[in-house]
Amino acid sequence: MSYSLNVPVPGAVERLATDLYPRLTRFEEVRERHTLVVKRFENRSYDRLRETVRTPLATEPAFEARVAGIDTFERPTRGDGPVVYLAVDSSGLLALHERLVDRFGAIEGLEGDEYVPHVTLARGGSQAAVDALRNAEFDPVTWTVSELDIWSAEYREVAGTIPLRG
């Protein structure tokens, strides 16, 4: 099974995505569920994964994250492009990702040096659709990340939550 360790996306980011929706209708696929992946895990059982990540996360402190802009992956590693997303700025998130990759390895093309913290909005649009979205103005959204979710790719739901206590 495939799982990912995700930062729960706060309501303010969900509302921002909803506010941007009229500009997203020009894309082929609009993301309805918004996620912020920290680390992916392939071919793991849930019970084993939960216990494996619980130990290194036990001493991780909460950290700040901020959405302040929109960017794109013109040629994404997987699926059709372009992909438009909310860019997430967080030194704490980057540091956590790096520690997890050091411990568990990286998924090629997506993690390690290629990791870009983001919340996908849509994919498969024209350059005009990308430009219209990129010019959207909004107030930055800042929040404290105090827990992480284990996301099941198979069931498309949160399988468990791990608090950050450090």
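The following paragraphs examine the structure supplied in this document. (Residues numbered from 1 in each chain as written. Predicted model: local features only at pLDDT ≥ 70, side-chain atom pairs only at ≥ 80, totals over all residues. Heavy atoms only, no water.)

### Some points on the overall build of the protein chain
Stated precisely, the cut-off is as follows: A run of H or I in DSSP counts as a helix once it spans at least four residues, and a run of E counts as a strand once it spans at least two, with each numbered from the N terminus. Throughout, the radius of gyration refers to the C-alpha atoms, and the reference size of a globule is 2.2 Å times the residue count to the power 0.38. In this scheme, a residue with accessible area under 20% of its type's maximum is buried, one over 50% is exposed, and one in between is partly exposed, where area comes from a 1.4 Å probe on protein chains only. Any two residues whose heavy atoms approach within 4.5 Å are treated as being in contact. Accessibility throughout is a Shrake-Rupley quantity obtained with a 1.4 Å probe, and a residue counts as covered only by protein chains that appear here. Charged residues are defined narrowly, with Lys and Arg counted positive, Asp and Glu counted negative, and His plus the chain ends left uncounted. Note that the charge is assigned to NZ on lysines, CZ on arginines, CG on aspartates and CD on glutamates.
Broken down by element type, the protein chain carries four helices and nine strands. Reading the protein chain from its N end, one meets helices and strands in the order β-α-β-β-α-β-β-α-β-α-β-β-β. On C-alpha atoms alone, the protein chain measures out to a radius of gyration of 16 Å, which is about the 15 Å that the 2.2 N^0.38 rule sets for 166 residues. C-alpha extents for the protein chain along the principal axes are approximately 45 × 30 × 30 Å. Looking at the protein chain as a whole, 43% of its 166 residues qualify as buried. Long-range pairs, those at least 24 residues apart, make up 80% of the contacts in the protein chain between residues at least 6 apart in sequence. For the protein chain, the computed accessible surface area is about 9000 Å², with 43% contributed by carbon and sulfur atoms. Across the protein chain, the 20 positively charged side chains and the 27 negatively charged ones have centroids separated by 3 Å.

### Description of helix α3 (residues 91-104)
Let me state the cut-off plainly: Helix span, expected: 1.5 Å multiplied by one less than the number of residues in the helix. Each C-beta atom gives one direction from the helix axis, and the arc is the one those directions make.
With 14 residues, α3 should cover 20 Å at 1.5 Å per step; its first-to-last C-alpha distance of 20 Å lies within 8% of that length. Restricting attention to buried positions, one finds in α3 the residues L93, L96, H97, L100, V101 and F104. Projection of α3 onto a plane perpendicular to its axis shows the buried side chains occupying an angular sector of 135°, all on one side. Turned more than 90 degrees off the buried face of α3, the exposed positions are S91, E98, D102 and R103. Buried residues along α3 sit against β1 (3-7), β3 (36-41), α2 (46-57), β4 (63-73), β5 (83-89) and β8 (147-152). G105 sits one or two residues past α3 and shows a positive phi near 90°.

### As for a negative patch on the surface
As a reminder, the rule being used: Within this analysis, patches are made of residues with over 30% relative accessible area and no salt bridge. Like charges are joined at 9 Å or less; nonpolar side chains (Val, Leu, Ile, Met, Phe, Trp, Tyr) at 5 Å or less. Salt bridges are defined by distance alone: a side-chain nitrogen of Lys or Arg within 4 Å of a carboxyl oxygen of Asp or Glu.
A cluster of acidic residues, E98, D102, E108, D113 and E114, forms a negative patch at the surface. Assignment of secondary structure puts E114 in the loop between α3 and β6 (118-123). Overall, the relative accessible area of 47% leaves E114 in the partly exposed class.

### Digging into the nonpolar core
Convention followed: By convention a nonpolar core is built from buried Ala, Val, Leu, Ile, Met, Phe, Trp, Tyr and Cys residues, the set being connected through side-chain atoms within 4.5 Å.
Counting 44 residues, the largest nonpolar core has V7, V67, L86, W143 and L148 as the members making the most contacts within it. For this core, the element with the most residues is helix α1 (residues 11-24), which contributes five residues. Apart from residues no more than four positions distant in its own chain, W143 is found in contact with V7, P8, P10, V13, L36, F63, E64, A65, R66 and V67.

### Some points on the pattern of salt bridges
If you walk through the whole model with that rule in mind, you get six salt bridges. Put simply, K39 and E111 hold a salt bridge, and the shortest N to O gap is 2.7 Å. One end of the pair, K39, is in strand β3; the other, E111, is in the loop between α3 and β6, and 72 residues separate them in sequence. Both residues of the pair, K39 and E111, count as buried. Residues R50 and D47 are paired through a salt bridge, measuring 3.6 Å at the closest nitrogen-oxygen approach.

### Description of unusual backbone geometry
Here the amide bond leading from G81 into P82 is cis, since omega sits at -5°, within 30 degrees of zero. By the element assignment, P82 lies in the loop between β4 and β5. Residue N43 is not a glycine yet carries a positive backbone phi of 55°. Structurally, N43 can be placed in the loop between β3 and α2. Owing to a relative accessible area of 68%, N43 belongs among the exposed residues under this scheme. Phi at R156 takes a positive value of approximately 55°, unusual for a residue other than glycine. With respect to the helices and strands, the residue R156 is situated in the loop between β8 and β9 (157-163).

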